[in-house]
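# Close look at the chain arrangement
Below, each chain spelled out in residue letters.
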2 protein chains.
Amino acid sequence: MSLESSRLAPMANAIRALAMDAVQAANSGHPGMPMGMADVATVLWSKYLKFDPDAPNWADRDRFVLSAGHGSMLIYSLLHLSGYEQPTMEDIRNFRQLGSPCAGHPENFLIDGVESTTGPLGQGLAMAVGMAIAERHLNTEFESDLVDHRTWVIAGDGCLMEGINHEAIGLAGHLKLGRMVVLWDDNQITIDGKTDLSTSEDIKARYEATGWHVVSCDGHDFADIERAMDEAVADDRPSLVACRTIIGKGAPTKQGTSATHGAPLGDEEIAAVRKGLGWDAQAFEIPEDILADWRATGDSGKQAHADWRDRLVESDKGEDFMDRMNGDLPDLPDFAQYKADLAADKPKVASRKASEMALGVLTQEVPAMIGGSADLTGSNNTKTPSTGPLTADDYSGRYLYYGIREFGMSAAMNGMALHGGVIPYGGTFLVFSDYCRPAIRLSALQEVRVVYVMTHDSIGLGEDGPTHQPVEHVQSLRMIPNLLVFRPADALETAEAWQVALEQEDRPSLMALSRQGLPAIRDDAEENLVARGAYRVKSAAAARKVILIATGSEVSLALDVAKTLEDQNIGADVVSMPCAELFDEQDEDYRSDILPNAQPDEILRVSIEAGTTFGWERYTMMNGLNIGINSFGASAPAGDLFEKFGFTVEAIVPQILTKLNK
Amino acid sequence: MSLESSRLAPMANAIRALAMDAVQAANSGHPGMPMGMADVATVLWSKYLKFDPDAPNWADRDRFVLSAGHGSMLIYSLLHLSGYEQPTMEDIRNFRQLGSPCAGHPENFLIDGVESTTGPLGQGLAMAVGMAIAERHLNTEFESDLVDHRTWVIAGDGCLMEGINHEAIGLAGHLKLGRMVVLWDDNQITIDGKTDLSTSEDIKARYEATGWHVVSCDGHDFADIERAMDEAVADDRPSLVACRTIIGKGAPTKQGTSATHGAPLGDEEIAAVRKGLGWDAQAFEIPEDILADWRATGDSGKQAHADWRDRLVESDKGEDFMDRMNGDLPDLPDFAQYKADLAADKPKVASRKASEMALGVLTQEVPAMIGGSADLTGSNNTKTPSTGPLTADDYSGRYLYYGIREFGMSAAMNGMALHGGVIPYGGTFLVFSDYCRPAIRLSALQEVRVVYVMTHDSIGLGEDGPTHQPVEHVQSLRMIPNLLVFRPADALETAEAWQVALEQEDRPSLMALSRQGLPAIRDDAEENLVARGAYRVKSAAAARKVILIATGSEVSLALDVAKTLEDQNIGADVVSMPCAELFDEQDEDYRSDILPNAQPDEILRVSIEAGTTFGWERYTMMNGLNIGINSFGASAPAGDLFEKFGFTVEAIVPQILTKLNK
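What you see is a predicted model; the values in this text were computed from it and never measured. (Residues numbered from 1 in each chain as written. Chains lettered and ligands numbered in written order. Predicted model: local features only at pLDDT ≥ 70, side-chain atom pairs only at ≥ 80, totals over all residues. Heavy atoms only, no water.)

## Re the side chain of A:Ser100
Residue and element names in this part refer to chain A. Where we set the bar: Numbering of helices and strands runs from the N terminus, with a helix taken as a DSSP run of H or I at least four residues long and a strand as a DSSP run of E at least two residues long. For every residue, the accessible area obtained with a 1.4 Å probe (protein chains only) is divided by the maximum for its type, and the residue is called buried under 20%, exposed over 50%, and partly exposed between those limits. Pairs of N or O atoms within 3.5 Å make up the polar contacts considered here, provided that, within protein, one atom can donate a hydrogen while the other can accept it, and that residues adjacent in sequence are counted only when both atoms are side-chain atoms. By definition in these notes, contact holds between two residues if any of their heavy atoms fall within 4.5 Å.
With respect to the helices and strands, the residue Ser100 is situated in the loop between α4 (89–93) and α5 (123–141). We classify Ser100 as buried; its relative accessible area is 10%. There is a polar contact of 3.4 Å between the side chain of Ser100 and the backbone oxygen of Asn94. Among the polar contacts listed, one links the side chain of Ser100 to the backbone nitrogen of Cys102, at a separation of 3.0 Å. Not counting the four nearest positions on each side in its chain, Ser100 is found in contact with Asp91, Asn94, Phe95 and Leu110.

Okay, structure coming up:
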């Protein structure tokens, strides 16, 4: 063992000790991965990773993503040992307990230094692709000495076997993201047993086929790890470093088996590990010399940070850059004018087209916005004159042709937003929100500003039929905590929705947009009424007996229904509800003004939305009336479908009259 | 051109004519793919595919899946031309109109000969993997001359770029499904433009890395197509045939561009196609000689079918085999006894464990059942003594180690069920239902008997934290039409749920099962009460003022709450609702007996479920009380979490008293 290895080995063993002891104390967790990757992580942290433990949010730090998030004790150990303020040793002692930032899986919102929430396999690596895209883009847009860092990933077999891996590495290889390095924990073990139980794939050949550089190493030989990492850093393609490791390395009877993956080792085995490694320290104690070596790993990063700060102060673009990294929105005078024009002109356009019109202005005024689509650019209307293609040859572009990779796109957007400096939006058909739903959930959990542009939002898309017609999607998305779902009714609401979405610094938004044209329902743009979540479009003329609550394409239908009711001297309000979540956040006065407390026989509430009625009882009460679609759709022209599924004045009014006993 | 080619070319042109004319008549659709793959499809149909147009459901037919489902006019043309009863030419004239079986995308429930619903990209190919698994399994289980057919797929670049492709081909390569052939429409075009806009992948190398045989051909040279198919058929690995084609082949100004992908060609271009191809027939007319050649393509299949029928009659296993293919369930005497024992013994076990116990009996009595898990076998409790591994070396096994491929697993299960003869079930964590949600939706739309075993169904899983804790999942799954979602409260309900699930021949079921132990709530098994969807577990002793409606792990909590209320002389029913969808299907008498119509100030309805409250208003009314979780979860021991989120008698009872003005 070289002198250097003789110092690295105990550093790595400190990780092993913390991991096994914390899991044992919690009586739950995953010791195998941190123990297996301790050597690789020690080399990364001490020789390659650019970080300043005193400034975990330094803009030009290297990004490190623990894609195999179940091995969370690895990142907690690394952060603690290298001197980050958090986690403290007390936090680690409380691993997996209520209130500890050391949660079962790493959560970006609980602890600095955790760049992303991981655990749902495959997504960490795919988010890292987004981080690497944002890095190259900002490197090109700003002076390259302000943004010039790497993105590192530790991933396991699970991350590589998930479908999203194919999408993510395809995108990274195509965009030649040479500053991205994936350290693959090649331990040949999954939960069910040996990897050959379920796969026969030549992973290295697959990565090479996708434009990646691949290098292998012995993940327990420090010099060999360093050789492989040097090679990875030198190559201008994204790199996969296949690290042959032993899961649970150091556990004499259990290492190399899935028994170390997701359960405490037990006191006896832990004692044997201590003996085998010559680790004499008590649980949660790190010998001073080893801790000193760990603390020194941040020294070069601190110096690099100081140098960077000097460059930032001297740079003409320094202030702009920091505004961008802070996520500040510029003023939007042109957009205000655009909304006023809409109120005056009242164009009849599809809301997907209205979204394109809004984006045309916004992408001009907000340079942070980076658009894209999963191969539906012309259908999602996501491209604007301001957003040229972002390609391997030109990272300054602001539009990504993501390919037919909805999930990979969404995860990449999360990564871009987590990196900071850009505001990503991307499109697909609403029905394919199912394909990227796990990433939408992580947008919400991670509290990032990402905007999903989901078009073709109901049977209104017509002929493509039930596989393409969302029925349950809008409501099921409204259930995801911390996600705003917008279903705007016309061009003005669409513009307002975009503005509200961009203002959400710590939550994602999703636009459900129509394929078909929608008439304008408002003629004033003074207040952003979408920000209220719901508002009265029309007040009852006759004595109010009915409140019609509708969204998107059904608001104009509700107005027609109201007209017919009023003709029969039945007063009817029409409430447009473009964002139910925002309405729920309004104060009681506002809510009870829009939806007054009254029994159904006094005021009947009717919901109209071309999707499932499930959940609409929240707003219409038990004896209200819910107009919707509770089956799959069908293939036919849109007009025929709306008639078939009862979305006509003629079909709706009699149901209301029956409820009113008229 | 050889003599043979001189007959094949006009046959292929018949497809081109029907595709372009039908799309033009509908004024919507996708002519490019059928026109591009017409030559390949003609070779497949006339020389390789084993089919009998008079018996589209013949058990030993080759399966053909049009994974690129947008090219639906290809399959409609093939079925019509080769003499299937449906579609008629009238059906084709009504392509994409209300009521026509020729829907925008192929729907298995609308037309025989369409083996699976396709359109959501990537899933057709992944379902074909399941069909090929079922074929090999039945081939081994029954005499090989009863089941011995191939599975053919036509897939486009979208199907190959989607993440699920990686999961599907990984599984197929690992299982050496040599009787599966994928014909890749390698036209280098996606909707957004040339494929090199978004991908740089060497697809052939990737397939080879995954254990596939790969061969290429000129997709417009009949002899070359045949050479490649011969090679594919001869190889004992699954084969990818890369067919270099020109999208929209035959359209003089538009072919080779994305303009032909998803829009009518227009009258002028169509006229030019006719001229270029020398196609003189009117729209929707096929010259007699060409039709005769097409009709003859079924001759060899008719003979093969007749021979097979003879073998079936002679076979000892013939009757068993047909029962299996018909999907008949055997009697379940042991299972009836098992349920009776549960009612007597009242064990306290996790519902995932109860599921394993039920499966132990069921997999013994129902040989059609094939289990599996996406690398969570020990957590999902899906393996039983009757289900040995199904591997490349032994297809007779009944358990699949699917690997970390939730979406691929689910699509494969759909394919198995569509093939028939097997009843697939498979497991993952409930939170990862998001990863396979697009396939769950297709289970429901395709009306197949598939059972999803989703464990770790709430914050009750504890320490793994919010990425692993379902909150919105149970309710969002209940929204999918034609899917039964079960959340059983104890071992007996779990057994009953399994029985009901197996009895559903035309819809899928999903089990939401607990990680933690659950006490028994019932002591009689005479009636399967889960089949009712909801039922009264306990009637109010004092005058009924409250109805507590709970599911799964919260039913026992509801019983505790009721006890505390009764102690205060407040009568409380407890209703267990293991399957809301089945409850909704009960008659009015039953429903109003369980949940009587009454104002909340007469009888307060309270829902208790450890998930989102969104949608529970359907059962509790506007002024009811909904106990649930509307945020993400957290990492801590389960007991701490239930307390933190208010799932205790102490937290719930005061809320009820307040509502009752006590």
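## Section: the packing of helix α17 (residues 406–419) of chain B against helix α18 (residues 433–446) of chain B
All names here are of chain B. This is how the line gets drawn: A fitted line through C-alpha atoms represents every axis, and for helices the fit uses only the stretch in contact; the resulting angles, taken between N-to-C directions, go from 0 to 180 degrees. Between 65 and 115 degrees an angle is taken as roughly perpendicular, under 35 as roughly parallel, over 145 as roughly antiparallel, and anywhere else as oblique. By definition, any crossing whose near helix is turned counterclockwise from its far helix by less than a right angle is left-handed, and any crossing with a clockwise turn is right-handed.
Between α17 and α18, whose axes approach to 7 Å, the crossing angle comes to 15°. Classed by the angle they form, the pair α17 and α18 counts as roughly parallel. The way α17 lies across α18 gives a crossing that is left-handed. In this structure, α17 uses Glu406, Phe407, Ser410, Ala411, Asn414 and Leu418 to contact α18, whose residues at the interface are Tyr435, Cys436, Pro438, Ala439, Leu442, Ser443 and Gln446.

## With respect to the domain arrangement of chain A
Many authors give the size of an interface as the accessible area that is lost as the parts come together. Residues and elements named next belong to chain A. The test is simple: Start and end positions for the domains come from either an automated domain assignment or a database one. Using a 1.4 Å probe, buried area is obtained as the accessible area two parts lose upon being combined, added over both of them.
Per the domain assignment, the segments of chain A are domain 1 (5–305), domain 2 (333–512) and domain 3 (533–661). A separation of 26 Å is found between the C-alpha centroids of domain 2 and domain 3. Contact residues are listed per partner, giving 25 residues for domain 2 and 32 residues for domain 3. At the boundary of domain 2 with domain 3, total buried surface from both sides reaches about 2,200 Å², with 55% on carbon and sulfur atoms.

## Side note on helix α15 (residues 351–365) of chain B
Residues and elements named next belong to chain B. So the rule is basically this: Multiplying one less than the number of residues by 1.5 Å gives the expected span of a helix. Axes are fitted to the seven residues ending at a residue and to the seven starting at it; the angle between these axes is taken as the bend at that residue.
Along its 15 residues, α15 runs 21 Å from first to last C-alpha, staying within 8% of the 21 Å computed at 1.5 Å per residue. The largest bend along α15 reaches roughly 25° and is located at Leu359. By the burial criterion, the buried members of α15 are Ser351, Arg352, Ala354, Ser355, Ala358, Leu359, Val361, Leu362, Thr363 and Glu365.

## Describing empty space enclosed by the protein
Operational definition: A pocket, in this scheme, is an open set of points on a 1 Å grid over the protein atoms alone with protein on both sides within 12 Å along at least 5 of 7 lines, while a cavity is a set where a 1.4 Å probe fits but cannot get out; residues line either one if an atom lies within 4 Å of a point. Grid points are joined across faces, edges and corners, and a volume is the space filled by probe spheres set on the points. By the convention adopted, Pro, Cys, Tyr, Trp, Phe, Met, Ile, Leu, Val and Ala count as nonpolar, Lys, Arg, Asp and Glu as charged, and the other residues, Gly among them, as polar.
Applying the stated criterion across every chain yields a total of 13 cavities of 30 Å³ or more. A:Ile164, A:Phe407, A:Tyr435, B:Phe407 and B:Tyr435 are, among the 15 residues lining the largest cavity, the residues nearest its centre. Sorting the residues of the lining of the largest cavity by element identifies α7 (163–174), α17 (406–419) and α18 (433–446) of chain A together with α7 (163–174) and α17 of chain B as the ones contributing at least two each. A class-by-class count of the residues in the lining of the largest cavity yields seven nonpolar, two polar and six charged.

## Some points on the environment of B:Gly421
Residue and element names in this part refer to chain B. Relative to the assigned elements, Gly421 resides in the loop between α17 and β11 (423–429). A sequence separation of 212 residues divides Gly421 from Ala209, and the C-alpha atoms of the two residues are 32 Å apart. Not counting the four nearest positions on each side in its chain, Gly421 is found in contact with Leu138, Arg324, Met325 and Ala368.

## Points about the interface of chain B and chain A
Put simply, the rule is: One speaks of a salt bridge when a side-chain nitrogen belonging to Lys or Arg is within 4 Å of a carboxyl oxygen belonging to Asp or Glu.
In this assembly, 99 residues from chain B lie in contact with 98 residues from chain A. Summing both partners gives a buried area of about 8,400 Å² for chain B against chain A, and 59% of it is carried by carbon and sulfur. Where chain B meets chain A, there are eight salt bridges. The leading source of residues in the side of chain B that touches chain A is α18(B), at eight residues.

## A look at the UniProt feature "binding site: thiamine diphosphate" (unreviewed entry) in chain A
Residues and elements named next belong to chain A. Basically, it comes down to this: UniProt positions are given in the numbering used here, feature names are shortened, and annotations may be inferred rather than shown by experiment.
The feature "binding site: thiamine diphosphate" (unreviewed entry), as given by UniProt, occupies His70, Gly119, Pro120, Leu121, Gly158, Asn187, His261 and Phe432 in the numbering adopted here. With the annotated positions falling across 363 residues, the maximum pairwise C-alpha distance of 34.4 Å shows that they are not confined to a single cluster. Tracing the backbone through its elements, the reader meets His70 in the loop between β1 (63–66) and α3 (72–81). On the basis of relative accessible area, His70 is assigned to the buried category, the value being 15%. In this structure His70 touches His30, Met33, Gly104, His105, Leu121 and His261, once residues within four positions along its chain are discounted. Structurally, His261 is set in the loop between β7 (239–244) and α10 (267–277). Judged by its relative accessible area of 16%, His261 is buried. Ignoring any residue separated from it by four or fewer positions in sequence, one finds His261 in contact with Gly29, His30, Pro31, Gly32, His70, Ile191 and Ile247.

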